[in-house]
Amino acid sequence: MRRPGGRDEEPVLGATRVGDLPQEPGRAAAAGEGGGPPGPVDGDEPILAARVHRPADLLRVLLGLLGIGVVLALATWAIGTTEGIEHDVDAGAEQAPSLLISFAGFASSVAVLVVPVAFAIERLVKRDGLRIADGVLAAVLAHGVSLTFSLWVARMSPDSVQNALTRDAPGGGLTDPVHDYLAPVIAYATAVGMTHRPRWRLAMWSVLVLDGVAVLVAGYTTPFSIIVTMLIGWTIAYATLYTVGSPNVRPTAQHLLAGLRHVGFRPVSALRAEDPDEAERRARRERGDYSEPSRRYLVTLEDGPPLDVTVVDRAQQAQGFFYRLWRRLALRGITQRRSLPTLRQVLEQEALLAYAAIAAGANAPKLIATSELGPDAVMLVYEHIGGRDLDSLPDDEITDALMEAAWRQVVALQSRRIAHRRLDGGSLLVDHLGTVFLTDLRGGEIAAGDLLLRMDVAQLLTTFGLRVGAERTVGAAVSVLGPDAVADSLPLLQPIALTRGTRATLRQLARERSGRERQAVLEATRAYREARGSLPENADRKTVRAARQAEKQVMEEALEEAREPDLLSLIRQQVLLIRPQAPIEPARVERIKPRTLVSIIAAVFAAYFLSIQVITPEFQRVWEDANWGWVIVAALFSALTYFAAAMSLLGFVPEKVAYGRTVVTQVAGSFVKLVAPAAIGGVALNTRYLQRQGLRPGHAVASVGASQLFGLGSHIVLLAVFGYITGTEHTPSLSPSRTVIAGLLTVAVAALIITAVPRLRKSLSERVRTLFAGVVPRMLDVVQRPKKLLSGIGGMLLMTLAFVMCLDASLRAFGWELSYPTIAVVFLAGNALGSAAPTPGGIGAVELTLSAGLAAFGVPEHAALGAVLLFRLMTFWLPVLPGWLAFTQLTRKGAI
């Protein structure tokens, strides 16, 4: 390739020429800033996506949901405050002229519809119909959410929430908890971007505030209802924008050329690195790197050497926002900047790091100019350095001299207390002379502490170790840094201190090692079976047991021989050979673990629901009307269920597992059920527990699956048996329930749809096959141990009996009795529906089924409701606190 002036141009692999491109509306003027329009250049730039999903929109959705939760919490607990606010509003409304209130209400009702329509017409005239479509979609969704929320408040919410969001309407009845037109209008105005246009924003929010004040003063709403309405509209708008994407306003190549002219350059052409193809994108995702690569250009000038230009826009700058936010919360002792800095802050940070690195004597691209490219992007202009990054180099080109050159750059940075923070293969650039340059400095730190400097050493050790092995890596590092500096980094040689992509690579290598170990065990087992031959059919139990024990020993020996140390362990071993006294205890850099955060959120969620249930009038009547003697009996039977559940689980685990800790795990399951559907939370917890007790993942899943499968069969058998007995007792007085018939018809239709659609049928069969793949062999192992099998069966029957007796004691606490088969049918039906319901712990479904079942057998409605609430209090709500304590204790000990 040659430049227009006849000078040779350095070839750049993987790039496309940028020149005359179609300009977006409103951008033609910007292209001519600072020196007229750019000259004609052949080529195209990769087409930018029409829409982008902005993390800021998702953050606003989360904030909106949090705001709604805060309002509901205030309505639940600050009852006196809500009533006082409503009283003050009513007192002020009485002093306002009625004619003025009526006129304001009429004018705002008209204007709140006219202003959005006028804005839509203005946008359609300017051919911006897609934005209007986004607003209409947000308005429709907001209307549906408003109706659903209003129905929940009217039918299911606590009385305190109803009192805060509704009041007596002037014409009779109650006001709506959420305005059916105000929330959609707010969603529409937010989604179409009226808030970004000052004049329209002033007009829209003026009429919204006027309308809200008018309906509030007129007595058609409450202050909390207005707040919830605004939050719902705002949240739905940003949820819509995040789902469908916002219009892409990223700068084009014309902006880049115009920006270069604006800062005094005379560009002729630009070569942009091509977007990665699908294979490279997939490889980046496998490495855990979900960030969008920077837009880099090689710009040739009319006179002078070429330039490297990096463009950073808001979409790129927002990539990885939630990951950075989590790192800021999770890591201790590390200086973290704002998770979402402004573009100017990004520009200033990178410029500062570039100048500081060169001043420290490190090889880094020289920054010669910076500029803004409109309100949504900035550019940084560097001197051109030709070369390849470390990831592009083959392994045989990574010599000891190259690694030592890279370590010398790290020494130069650390001599001035500069931390790079991302010393992976993409940030090390090697030119044709073998000189190493440090790039991607925007994430670095000035005046860094010892922890960050040691993390850089640990990161670069891992980066080179992944390419050339631990021995050469440690040797090159020691030759430059010295043994003491390398040894000091060992406590930071842990995955949490490494970059996201490096951790993903280490996980991938761990999966490959695990696959090789599993294959070695299978081959050893197969060879042993072939050499041993089949056992005679009349072999006694002792011979079979000895053969199984010998096979198990062969598997363990094969696993021990095939086990490979991971890279980080190999690096530690190499360093310890040089410095045996080096500290190897990992440093505590993790402030909070994901599991701890989930536990805290779940605890808050549980406390909220528990407090709501306890303060409801229905539960207060339970405390007032129940016979406390039977309440204690119900509590004892409820406690018995956890011991029975532990027996049931261990009955399908041939390995030896501690019974006491298993009981504690079942208690912890009462907390998990509150934050997950009942059929999912218990299975996941028990599987995790068995794995922590030394069972292989496949065996743990198979044991829990066998327990669940056998429990389902016994549940169906017991329901059929007790149903038959109950039917013979109550046949004259019972009639088919419409709800039951409708439910059966719904299940039948769903089954027909699944069996008729091949894709659904295949998906369901694969899930079931995956879940119960090892169940049958596991059950065969259990059958050969009668004591284990009896323990499992006995535990299931004892658990069902304890639940039935608890429900019976709850019913007797309100002065009513039913036969045990009848109570068993009611419980089994309610438990089945609760397990199938998607709500945590089957909330709502269990109460409704149990209450309807007791009422169908002649129990008065108030006694049936009281008995069911007492039963759920003993078996679901009260165990939440000890369950949380047990969950926390097991987590701390690493048992789950």
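Criteria and cut-off values
Residues numbered from 1 in each chain as written. Predicted model: local features only at pLDDT ≥ 70, side-chain atom pairs only at ≥ 80, totals over all residues. Heavy atoms only, no water. Phe/Tyr/Trp six-rings, centres within 6.5 Å; stacked < 30°, edge-to-face > 60°. Helix = DSSP H or I, 4+ residues; strand = E, 2+ residues; numbered from the N terminus. Buried < 20%, exposed > 50% of the residue type's maximum accessible area, 1.4 Å probe, protein only. Lys NZ or Arg CZ within 6 Å of the ring centre and 35° of its normal. Patch = residues over 30% accessible without salt bridge, like charges linked within 9 Å, V, L, I, M, F, W, Y side chains within 5 Å. Areas by Shrake-Rupley, 256 points an atom, 1.4 Å probe, with all protein chains shown as cover. Salt bridge = Lys/Arg side-chain N within 4 Å of Asp/Glu carboxyl O.

J.: Could you give an account of the packing of aromatic side chains, with specific residues and numbers?
T.: A complete count under the given rule lists seven aromatic pairs for this structure. On the basis of an interplanar angle of 40° and a centroid distance of 5.8 Å, the ring pair of Phe-149 and Trp-152 is categorised as tilted. Of the two residues, Phe-149 and Trp-152 both sit in helix H5 (residues 129-155), three residues apart, roughly one turn of that helix. Among the residues examined, Trp-152 registers a relative accessible area of 30% and is labelled partly exposed. When the ring centre of Phe-876 is taken as origin, the NZ or CZ atom of Arg-872, which lies over that ring, is 4.5 Å away.

J.: Any chance you could break down a nonpolar patch on the surface for me, citing the residues and the numbers?
T.: Together, Leu-63, Leu-66, Val-70 and Leu-74 line one region of the surface with nonpolar side chains, adding up to about 360 Å² of accessible area. On the secondary structure map, Leu-63 appears in helix H2 (residues 55-77).

J.: Can you tell me about the pattern of salt bridges, naming the residues and giving the values?
T.: Under the defined criterion, the tally for this structure stands at 15 salt bridges. Put simply, Arg-472 and Asp-400 hold a salt bridge, and the shortest N to O gap is 3.1 Å. Taken together, the residues span a long stretch of sequence, with Arg-472 in helix H17 (residues 470-481) and Asp-400 in helix H15 (residues 400-415) at a distance of 72 residues. A relative accessible area of 37% places Asp-400 in the partly exposed class. The partner of Arg-417 in a salt bridge is Asp-450, and the shortest N-O contact between them spans 2.7 Å. A residue pair is termed long-range when its members are at least 10 positions apart, and Arg-417 in the loop between H15 and strand S10 (428-430) and Asp-450 in helix H16 (residues 450-468) qualify at 33 residues. Classification of Arg-417 by relative accessible area gives partly exposed; the value is 35%. Taking the relative accessible area as the measure of exposure, Asp-450 reaches 49% and is therefore partly exposed. One connected set of salt bridges, linked through shared partners, spans Asp-808, Arg-812 and Glu-817.

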